[in-house]
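# Results of the structural survey
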Amino acid sequence: NKASLDIDEIKVEPLQEGFESKLIEEGFQNTSESEYISKSKCKKPNNKDNQLICDKCEYSTTRHIYLVLHTESKHDGVWRFSCKECDYKATRKENFERHTLKVHKSIISIENNEKTKALSKQELDEHMKKIAKLVCEFCDFAAKYPSDIQKHRQTVHEGVRYSCDECEYRTKNKSDVKKHKQNIHEGIRFYCNQCEFQAGSNKYLKIHQKSCHEGTRYSCDQCEYQAEYPDHLKAHKVYKHDSSSGFSCEQCDYKTVAKINLKKHKQAIHEGVKYSCEKCEYQTGWKNQLTQHNQNIHEGIRYYCDQCDYQAGTKKYLRTHKKSAHEGAIYGCDQCEYNAEYPDHLKSHKLYAHQGDGHACDQCDYKTVAKKTLKQHIEAIHDGIKYYCDQCEYKTGWKAMVNQHKKKWHL
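Given the structure is predicted, the values throughout are model-derived calculations rather than measurements.

## Digging into the overall build of the chain
Within the chain, the regular secondary structure consists of 15 helices and 26 strands. Going through the 411 residues of the chain one by one, you find that 29% of them count as buried. Sequence-distant contacts, at least 24 apart, represent 15% of the contacts inside the chain between residues at least 6 apart. Here the chain displays about 27700 Å² of accessible surface, and carbon together with sulfur accounts for 47% of that area.

## Notes on a nonpolar patch on the surface
Residues Ile381, Trp398 and Met401 make up a contiguous nonpolar surface patch of roughly 260 Å² in combined accessible area. Turning to its location among the elements, Ile381 is positioned in helix α14 (residues 371–382).

## What about the pattern of salt bridges?
A full pass over the atoms with the stated rule returns 11 salt bridges. Two residues, Glu228 and Lys323, come together in a salt bridge whose shortest N-O distance is 3.0 Å. Here the residue Glu228 occupies a position in the loop between β14 (226–227) and α9 (230–240), and Lys323 occupies one in helix α12 (residues 315–326), the gap between them amounting to 95 residues. Within this structure, Glu137, Arg153 and Glu158 form a network of salt bridges that share partners.

## Remarks on the environment of Tyr204
By the secondary structure assignment, Tyr204 is in helix α8 (residues 202–213). Look at Tyr204 and you get partly exposed, because its relative accessible area is 41%. The spatial distance from the C-alpha of Tyr204 to the C-alpha of Phe190 is 8.8 Å, given a sequence separation of 14 residues. Other than its neighbours up to four places away in sequence, Tyr204 contacts Phe197, Ala199 and Asp231.

## Looking at the environment of Ile330
Tracing the chain through its elements places Ile330 in the loop between α12 and β21 (331–332). In the structure, Ile330 is positioned 12 residues away from Tyr342 in sequence and 7.4 Å away in space, judged by C-alpha atoms. Ile330 has contacts with Asn339 and Ala340, leaving out every residue within four places of it along the chain.

## Quick notes on the side chain of Ser73
Following the sequence through the fold, Ser73 ends up in helix α3 (residues 64–75). The class for Ser73 is buried, based on a relative accessible area of 10%. One polar contact links the side chain of Ser73 to the main-chain carbonyl oxygen of Leu69, over a distance of 3.0 Å.

## Concerning the packing of aromatic side chains
Tallied over the full model, the rule gives one aromatic pair. Measuring from ring centre to ring centre gives 5.6 Å for Phe81 and Phe96, while their planes differ by 25 degrees; the resulting arrangement is stacked. Of this pair, Phe81 sits in strand β3 (residues 81–82) while Phe96 sits in helix α4 (residues 93–103); the two residues are 15 residues apart in sequence, bridging distant segments of the chain. Across the ring face of Tyr66, the terminal group of Arg63 is positioned such that the distance to the ring centre comes to 4.8 Å.

Conventions and cut-offs
Residues numbered from 1 in each chain as written. Predicted model: local features only at pLDDT ≥ 70, side-chain atom pairs only at ≥ 80, totals over all residues. Heavy atoms only, no water. Helix = DSSP H or I, 4+ residues; strand = E, 2+ residues; numbered from the N terminus. Buried < 20%, exposed > 50% of the residue type's maximum accessible area, 1.4 Å probe, protein only. Contact = heavy atoms within 4.5 Å. Areas by Shrake-Rupley, 256 points an atom, 1.4 Å probe, with all protein chains shown as cover. Patch = residues over 30% accessible without salt bridge, like charges linked within 9 Å, V, L, I, M, F, W, Y side chains within 5 Å. Salt bridge = Lys/Arg side-chain N within 4 Å of Asp/Glu carboxyl O. Polar contact = N/O pair within 3.5 Å; in protein donor to acceptor, adjacent residues only side chain to side chain. Phe/Tyr/Trp six-rings, centres within 6.5 Å; stacked < 30°, edge-to-face > 60°. Lys NZ or Arg CZ within 6 Å of the ring centre and 35° of its normal.

All quantities given are derived from atomic positions and should not be read as evidence of function.
Printed below as a string of structure tokens:
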């Protein structure tokens, strides 16, 4: 019975038993055992634990096939399977199949490496159950590979998490801890050689270079939408085409592709969690906004345009400015002929013109996308609150204007 099959009962056969079938299964047809071991360029096995050690690094394994694949991919730059929709590469067929199913929700023909069918979430679930060799003993989750069942059981049913020993970061994936420590605590960054962009991983650097410098776009297979980044395409599909995917807030219309974003949304919007600045009265529901506030207001960190006098508080806004002001980027509405210079302007247009959403003032016709901006409007226009410059007689109803005034006239 598949449902009662325990992962601990699965035994991995030694390589020496059924060696010929193992070679065929893993892509080494017409290869003798001696040639196979020779090809791996491995050191002699350790007699104590039967470990095979790579002669170019510290990698070790008990199976010859893994050592061959390691040598090919890590040292020879040879990958047996390459994804045509992203930069993913794999040495093993099962990893390649797993990637295309999970990331692209597609069935891939191994023979010609071409997509044969794109799947909806329902079709994907049915397909996985059809090809599944194993079923979780606690729920209906089905998978083809033991490692997927084991990881599912650990993260979903046993609550296994991997923690950073330097902060409160926790994750389901062990590899994410290493990436987190490199990015956050060791300051390892990957720099673009064509602009000032820097990424936390080589993967995202390549995506940036393809999008910004090579003009690569990722097209939706259900409409004419094109995205600059794969994550944007994924979010588009969840919002526009697949109502069953993503994570939705049960208290409002908010929806996201990432579970962690839903958690942050609930804390900030519905639970009233606030992060306070230690140097002023600023408060926000978002931790990253507090970091940005400290950098902009108290540390004076600014990002300057190299083509004009514009300066931004974040690299994101600087990139948006360059695209709009110097590269002629236009953001078009998909429901009318409206064109915006900035993404935020397009968002506001859609809310006002097509959705009727936003936050409206109950004392006048003013309307805005952000609740915070509505509060500032009421204070400045209807409550008469004023902010004063401590170096001259300047006063205004907008706190941000005081900062701009000081930078222009007193710094």
